[in-house]
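Each chain, written out:
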Amino acid sequence: MGLFDDLSRFLENRLEEFLRNNPHLELEALLEQLREQEEDTLKLIADLKLQEKRSQEEILSTAQEIQRWHIRIEKAKNANREDLASAAGEREAALLREGNQRWGHMQGLKERINQSQELLQKIQQRRQEVQAKAAEAQTARAKAQTQQRFETVGWSNKTSNFSGGFDDLEEKFRSWETQDELEQMKRNIQK
């Protein structure tokens, strides 16, 4: 397990270093995360609204049942059937308790919908902020690349006599540096 933990830590450190060196990619990762959160929140709101609608239908159905039993109580009392009136009264009371519970449940759903909508607004606002920063970073990166090209063009015009041998030397150094980095990674993994 130690080898896997070390390798995992090494890879995490390299990823963090890479993201620090490439902040635009970190912003892209953050944007993707915000998009996913926004999508999940929208799904949650849709699900909560569906539950709220079902709850309202159940409340309406319960209210109709209460009304029906209330009429039955009156009929039984008018017919001097106190036994039926009493039993119907108990049924009506049970339905009233059930209706109150359903009403409380629906109020809880409404509160969760409001909280989810507030969260959605915060996520959308944060996403806009990150998009603006990403656009700024993109503009800054493009400027830097343009400036670097100008400097490189100016420098290469002055030293054109090294161009043939320089490419071979560049390739040798890149190969050597890559090999050295691989050896360093192997040593780090073996520790």
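Summary of the structure given here. Not measured: the values here are computed from a predicted model.

Next up on the list: the overall build of the protein chain. Looking only at helices and strands, the protein chain features four helices and zero strands. Order of helices (α) and strands (β) in the protein chain, N terminus to C terminus: α-α-α-α. Long-range contacts, defined as pairs at least 24 residues apart, comprise 83% of the intrachain contacts of the protein chain with a sequence gap of at least 6. Accessible area for the protein chain stands at about 15,000 Å²; split by element, carbon and sulfur atoms hold 52% of it.

All right, on to the pattern of salt bridges then. Counting across every chain of the model gives nine salt bridges. Of the charged contacts, one joins Glu129 and Arg126 as a salt bridge, the two residues approaching to 3.7 Å between their closest N and O atoms. Pair noted here: Glu129 and Arg126 are both in helix H3 (residues 82-158), with a separation of three residues, about one helical turn. A relative accessible area of 36% places Glu129 in the partly exposed class. In this structure, a network of salt bridges that share partners links the residues Glu58, Glu98 and Arg102.

Across all of its chains, the model carries one aromatic pair by this definition. Geometrically, the ring pair formed by Phe173 and Trp176 is edge-to-face, given 6.1 Å between the ring centres and 90° between the ring planes. Taken together, the positions of Phe173 and Trp176, both in helix H4 (residues 163-190) and three residues apart, correspond to about one turn of that helix. On the basis of relative accessible area, Phe173 is assigned to the partly exposed category, the value being 42%. In this arrangement the basic side chain of Arg72 is found over the ring face of Trp69, its NZ or CZ atom lying 4.6 Å from the centre.

Calculation rules
- Residues numbered from 1 in each chain as written.
- Predicted model: local features only at pLDDT ≥ 70, side-chain atom pairs only at ≥ 80, totals over all residues.
- Heavy atoms only, no water.
- Helix = DSSP H or I, 4+ residues; strand = E, 2+ residues; numbered from the N terminus.
- Contact = heavy atoms within 4.5 Å.
- Areas by Shrake-Rupley, 256 points an atom, 1.4 Å probe, with all protein chains shown as cover.
- Salt bridge = Lys/Arg side-chain N within 4 Å of Asp/Glu carboxyl O.
- Buried < 20%, exposed > 50% of the residue type's maximum accessible area, 1.4 Å probe, protein only.
- Phe/Tyr/Trp six-rings, centres within 6.5 Å; stacked < 30°, edge-to-face > 60°.
- Lys NZ or Arg CZ within 6 Å of the ring centre and 35° of its normal.

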